[in-house]
Amino acid sequence: MAEMQKLQGLDIGYHKAWRAIQCASALIRGTPEENYELLSSYLYMMRSKNPGTYTNIKIDYNNRFFYMFYTYGSSLSGWNHCRPVIVVDATFLKSKFHGVLMISVSKDANNQIFPLAFGIAESENNNSYEWYFSELRNAIGSRENLISLSDRHQAIAYAIAKVYPESHHGICIYHLEQNLKRRKVKSEVIKLFQTDARVYRRKEFDLYMSDIAKVDKKTYDYLMEEPPEMWACSCSPR
């Protein structure tokens with residue numbers, strides 16, 4: 001709107017400006033429908049130009065896009081030199097058809113985030129995550145002492161238990177901390193949790209949990225909804 005006023009001296013409404021932007025974007029990038037039609041070709045070129053790359057698309061009964069998964073060949077070869085840790089999360093897609101982008105990463109020997117795999121699904125649910133983890137296992141296999149980390153999403157826990165039963169599933173303490181902040185937990189209690197999650201002796205863990213219970217019993221109960229083995233270093237089996 002400001003550009004049209006500045007360059008052309010015209011006043012246009014918000015909706016007209018929005019429609020103009022959509023038209024310009026379609027001219028440059030194509031429409032979402034056109035791009036989904038090109039997805040198979042794009043993945044074919046990805047495999048051609050990146051040896052070892054693994055991709056898959058699942059379609060529904062009406063021959064329409066349902067799920068997508070891919071991991072680069074360089075990620076597959078590099079995974080063997082990373083820590084046996086897979087961190088999984090998803091974020092919302094804001095295009096016309098919405099959906100979620102699923103992401104798996106690890107950490108390399110230089111302590112840097114190492115991308116493993118990506119997927120697209122209609123939402124975070126049991127079926128979509130089970131398919132995603134099945135494709136992940138087909139692509140990267142498993143490792144001894146494998147650990148999977150995520151937030152508290154129940155669909156992720158379900159899929160890990162079904163596809164990677166040998167893996168230890170842990171909960172990311174950053175996500176737990178953000179949940180506490182959204183619940184308006186006192187900063188004093190959050191600091192206790194931060195220390196509690198990172199200590200290595202069970203005796204210290206019990207002491208800090210006791211302090212949390214004294215200050216905020218509701219937060220104590222919330223934290224104990226998930227077994228401490230899933231988020232506390234002192235309780236972890238590995």
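Draft legend 1. Main features of the pattern of salt bridges. Per the counting criterion, the structure on display carries 10 salt bridges. The salt bridge involving K162 is made with E130; its shortest N-O contact spans 3.6 Å. Note that K162 is positioned in helix α7 (residues 154-163) and E130 in helix α6 (residues 126-140), a separation of 32 residues in sequence. A salt bridge links R152 to E225, with the nearest nitrogen and oxygen atoms 3.1 Å apart.

Draft legend 2. Layout of α6. The end-to-end C-alpha separation of α6 is 21 Å, in line with the 21 Å expected for 15 residues at 1.5 Å each. When α6 is considered as a whole, its buried residues turn out to be S128, Y129, W131, Y132, F133, E135, L136, A139 and I140. With a side-chain oxygen lying 3.1 Å from the backbone nitrogen of N127, the N-terminal cap of α6 falls on N125. Two residues or fewer after α6 comes G141, characterised by a positive phi angle close to 70 degrees.

Draft legend 3. Quick look at the state of the cysteines. Applying the stated criterion across every chain yields a total of zero disulfides. For the unlinked cysteine C82, the closest cysteine sulfur is that of C172, found at 18 Å.

Draft legend 4. Representation of the side chain of S150. Relative to the helices and strands, S150 is located in strand β6 (residues 147-150). S150 sits in the buried class, given a relative accessible area of 1%. Once residues lying within four places of it in the same chain are set aside, the contact partners of S150 are V88, I156, H169, G170, I171 and C172.

Draft legend 5. Fine view of the packing of helix α8 (residues 173-182) against helix α9 (residues 187-198). At a closest axis distance of 11 Å, the pairing of α8 and α9 adopts a crossing angle of 165 degrees. Comparing their axes, α9 and α8 come out roughly antiparallel. Our pair here, α8 against α9, has a crossing hand that is right-handed. Counted together, I173, L176, E177, L180 and K181 of α8 and I190, F193, Q194, A197 and R198 of α9 form the full contact between these two elements. Broken down by class, the residue content of the contact of α8 with α9 amounts to six nonpolar, one polar and three charged.

Draft legend 6. Molecular detail of the packing of α6 against α7. Running from N to C, α6 and α7 cross one another at 45 degrees; their axes reach a closest spacing of 8 Å. Between α6 and α7, the angle falls in the class oblique. You can see that α6 and α7 cross each other, and the crossing is right-handed. Across the interface between the two elements, N126, Y129, E130, F133, S134 and R137 of α6 pack against Q154, A155, I156, Y158, A159, I160, K162 and V163 of α7.

Conventions and cut-offs
- Residues numbered from 1 in each chain as written.
- Predicted model: local features only at pLDDT ≥ 70, side-chain atom pairs only at ≥ 80, totals over all residues.
- Heavy atoms only, no water.
- Salt bridge = Lys/Arg side-chain N within 4 Å of Asp/Glu carboxyl O.
- Helix = DSSP H or I, 4+ residues; strand = E, 2+ residues; numbered from the N terminus.
- Expected span 1.5 Å × (residues − 1).
- Buried < 20%, exposed > 50% of the residue type's maximum accessible area, 1.4 Å probe, protein only.
- Polar contact = N/O pair within 3.5 Å; in protein donor to acceptor, adjacent residues only side chain to side chain.
- Disulfide = S-S within 2.5 Å.
- Contact = heavy atoms within 4.5 Å.
- Axes fitted to C-alpha atoms, helices over the stretch in contact; angles between N-to-C directions.
- Parallel < 35°, antiparallel > 145°, perpendicular 65-115°, else oblique.
- Left-handed = near helix turned anticlockwise from the far one by under 90°.
- Nonpolar A, V, L, I, M, F, W, Y, C, P; charged D, E, K, R; others polar.

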